[in-house]
Amino acid sequence: MPTRIPASERTSQKLDELLTQGVADGDARAELLKLAVRKIVEEALEAEVAEAVGRGYYENGAPAGAGYRNGYRRGRLATAEGPIEYGVPQVADRVEPFVSRVRAGLAGRTAELERLAVEMFARGLSTRDIEAAFRDASGASVLSRTAVSQVTERLWQEYEAFAGRDLSEFSVAYLFVDGVAERLHAGLPREAVLCAWGITDDGQKVLLHLAPGTKEDTASCTAFFEDLKRRGLADPLLVVTDGAPGLIRAVETCFPRALRQRCLVHRLRNLRSKAPESRWPEIALRARGCYEAASEALATVLRDDFVQTYERELPAVVQCFRDDFEACIAHLRFPLRHRRVVRTTNLLERLFLEERRRTKIIPNAFGERPVLKLMYAAVIRAAERWRGIAVGEFEQRQLRVIREELGRAHAERVAPAVAPRSATPVRKLRADR
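Residues numbered from 1 in each chain as written. Predicted model: local features only at pLDDT ≥ 70, side-chain atom pairs only at ≥ 80, totals over all residues. Heavy atoms only, no water.

This part covers the overall build of the protein chain. Within the protein chain, the regular secondary structure consists of 17 helices and seven strands. Put simply, the protein chain has 433 residues, and 47% of those count as buried. Taking the contacts inside the protein chain whose residues are at least 6 apart along the sequence as the reference set, 65% of them involve residues at least 24 apart. Of the roughly 23,000 Å² that the protein chain leaves accessible, carbon and sulfur atoms contribute 50%. (Helix = DSSP H or I, 4+ residues; strand = E, 2+ residues; numbered from the N terminus. Buried < 20%, exposed > 50% of the residue type's maximum accessible area, 1.4 Å probe, protein only. Contact = heavy atoms within 4.5 Å. Areas by Shrake-Rupley, 256 points an atom, 1.4 Å probe, with all protein chains shown as cover.)

Right, dumping it as structure tokens:
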């Protein structure tokens, strides 16, 4: 077996390929489970060996008599999904022959390993989870807490690398932001986790950030956006959000050159909550006709007609319809082929529903790290399958024109109200002599 990289890293690569490409034949779920179990076992064996020889995979300077790594040989584990082959690290030149207690303890643990494999992709593994899976006949853990931490920390490192990476390479035209309330701490109220993704000038969809926001207030949302900007994200052309007041204020503060689009799915929900059920089909049809008009001018005409029709009979509906109307039709300024995509935060909504479904079946899935790992795993895997949008030469010209217009409008807003007058030259008078 080749030894250039650890066996667990090769298994991780196979997992990534499966998650992005699927399998040509066979049961993808079974293959996913087998690879995940293999990854857990290999990482546990490698952590045990690292502790035994006193150094990491690529590190030098072993203590005398500790031995050195000497490649891998294959091990086999019988599971309900079929036999699983895994890499067993070998240790040579050691005073006392190395015997893996982890491998000896694998017998009879396959069901527990399969459960851990499922949970690895649902919420990440805790130290207690790993310790429980690798116990000997007496019930003592065969992995030290140090070795266990090495296994669990890898799961967290992926998220941290994502959350701190440079974003200056992305020229984002459309930025989407939404939040979902999660129970990050047992016994405390749910707190918001904010997620941002974008569509670049060339039409590629990219996941940008995922971070706890405490609550969708102005300070939390501003800190979230400032982190994006600190890592190099420039002002987009359009920012799409729901109607959370703190989120709206933060967008207007942090992205002064961008337009703001109110998510129309959220807005229609607001309208429905205020409309009589018997009248809703008619109201929804007219509201959608306005929001999805061919132009901003036509939308304004249809808005006035909507208001005139319902303002006496349904004042609450009309007030909701009028509120933030300009943000509801901001998408009409953009290329026709992009409008359907950029007028809602639907993509994130679907992902959050899937994440919630997975959380419900996992007991005690609380804590900032487990929840963030769960959400990150769900969203980053989905992002790898996102398809971009068409941005042809015509759309590129439109986006360039909009960017120039927004830049000029911002310059006018921040320009001094009165241009400073040039100082009047003062003549020096010489006294006649």
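Continuing now.
We now examine the packing of helix α10 (residues 280–291) against helix α11 (residues 296–310). When two helices pack together, their arrangement is captured by the angle between the axes and the distance separating the axes. α11 packs onto α10 with a crossing angle of 155° between their chain directions and a minimal axis gap of 8 Å. It follows that α10 is roughly antiparallel to α11 by the angle criterion. Contacts between α10 and α11 involve E282, I283, R286, A287, G289 and C290 from the former and A299, L302, R303, D305, F306, T309 and Y310 from the latter. A breakdown of the residues in the contact of α10 with α11 according to their chemical character gives seven nonpolar, two polar and four charged. (Axes fitted to C-alpha atoms, helices over the stretch in contact; angles between N-to-C directions. Parallel < 35°, antiparallel > 145°, perpendicular 65-115°, else oblique. Nonpolar A, V, L, I, M, F, W, Y, C, P; charged D, E, K, R; others polar.)

Over its 15 residues, α11 runs 21 Å from end to end, which matches the ideal 21 Å to within 8%, given 1.5 Å per residue. Three or more residues of α11 are buried, namely A299, F306, V307 and Y310. Considered in projection along α11, the buried side chains sweep an arc of 95° and stay on one side of the axis. Of the residues in α11, the exposed ones pointing more than 90 degrees away from the buried face are A297, V301 and Q308. (Expected span 1.5 Å × (residues − 1). Arc of directions from axis to C-beta.)

Let us now look at the pattern of salt bridges. Any two side chains of opposite charge can pair, on the condition that their charged atoms come close. Considering all chains together, one arrives at 21 salt bridges under this definition. Notably, a salt bridge pairs E277 with R272, separated by 2.8 Å at the nearest N-O pair. Residue class for E277 comes out exposed when judged on its relative accessible area of 53%. Residue R272 is classed as partly exposed on the basis of its relative accessible area of 40%. Its salt-bridge partner being D305, residue R286 comes within 2.3 Å of it at the nearest N-O pair. Of this pair, R286 sits in helix α10 while D305 is found in helix α11, placing the two residues 19 residues apart along the sequence. Three or more residues are tied together by salt bridges with common partners; here these are E252, R260, R262 and D324. (Salt bridge = Lys/Arg side-chain N within 4 Å of Asp/Glu carboxyl O.)

In this section: the environment of I329. Within the secondary structure layout, I329 lies in the loop between α13 (325–328) and α14 (339–342). Judged by its relative accessible area of 1%, I329 is buried. Along the backbone, I329 and C290 are 39 residues apart, and their C-alpha atoms lie at a distance of 8.4 Å. Setting aside anything within four residues of it in sequence, one finds I329 in contact with Q261, C290, Y291, E296 and A299.

Now for the nonpolar core. Among the nonpolar cores identified, the biggest contains 61 residues, and Y159, Y174, L207, L208 and F225 are the most heavily contacted of them. At eight residues, helix α16 (residues 368–383) tops the list of elements feeding residues into this core. The contacts of L208, once residues within four sequence positions are left out, are F162, R165, L167, F170, V172, L175, A196, W197, G198, L228, R231 and L233. If you look at the next biggest cluster of nonpolar residues, it comprises 24 residues, including A275, Y291, L314 and C320. (Core = buried A, V, L, I, M, F, W, Y, C linked by side-chain atoms within 4.5 Å.)

Let's shift gears to the packing of α11 against helix α12 (residues 315–322). Two elements in contact, α11 and α12, have axes whose closest approach is 9 Å; the angle formed by their N-to-C orientations is 160°. The angle between the axes of α11 and α12 places the two elements in the roughly antiparallel class. Two packed elements cross with a definite hand, and for α11 against α12 that hand is left-handed. Every residue of α12 that contacts α11 at R303, F306, V307 and Y310 is listed here: P315, V317, V318, F321 and R322. Here the contact of α11 with α12 is built from residues that sort into seven nonpolar, no polar and two charged. (Left-handed = near helix turned anticlockwise from the far one by under 90°.)

Moving on to the side chain of R231. You can see R231 is positioned in the loop between α7 (218–230) and β6 (238–241). In this view, R231 contacts F162, A163, G164, R165, D166, L167, S168, L208 and H209; residues no more than four positions away in its chain are not counted.

Moving on: unusual backbone geometry. Although it is not a glycine, D93 adopts a positive phi angle of roughly 55°. Tracing the sequence through the fold places D93 in the loop between β2 (82–92) and α3 (101–104). Its relative accessible area of 60% is what places D93 among the exposed residues. The backbone of D324 sits at a positive phi, close to 55°, despite the residue not being glycine.

With that settled, the discussion passes to the packing of aromatic side chains. Remark: the centre distance and the inter-plane angle together describe each pair of aromatic rings, the angle taken between the planes. If you walk through the whole model with that rule in mind, you get 11 aromatic pairs. Both rings, one in W197 and one in W386, keep their centres 5.2 Å apart while their planes meet at 50°; by these two values the pair is tilted. Of the two residues, W197 sits in strand β4 (residues 191–200) while W386 sits in the loop between α16 and α17 (393–414), which places them 189 residues apart along the sequence. For W197, a relative accessible area of 2% corresponds to the buried category. (Phe/Tyr/Trp six-rings, centres within 6.5 Å; stacked < 30°, edge-to-face > 60°.)

Turning next to the confidence of the model for the protein chain. Caution applies to low-pLDDT parts of the model: their predicted coordinates are not meant to be read in detail. Of all residues in the protein chain, 76% attain a pLDDT of 70 or more, and the chain-wide mean is 82. Across residues 361–365, confidence stays below pLDDT 50; counting only partners more than four residues off in sequence or on other chains, it has seven contacts. (pLDDT = per-residue confidence, 0-100.)

This paragraph deals with the pairing of strand β3 (residues 172–182). For β3, the buried fraction is high: 10 of the 11 residues fall into the buried class. Bridge count between β3 and β4: 10 bridges; the pairing is antiparallel. Its bridge partner lying in β4, D178 is registered against C195. As judged from the three bridges shared by β3 and β6, these two strands associate in the parallel manner. Paired with Y174 across the two strands is L238, which belongs to β6. (Pairing = 2+ DSSP bridges.)

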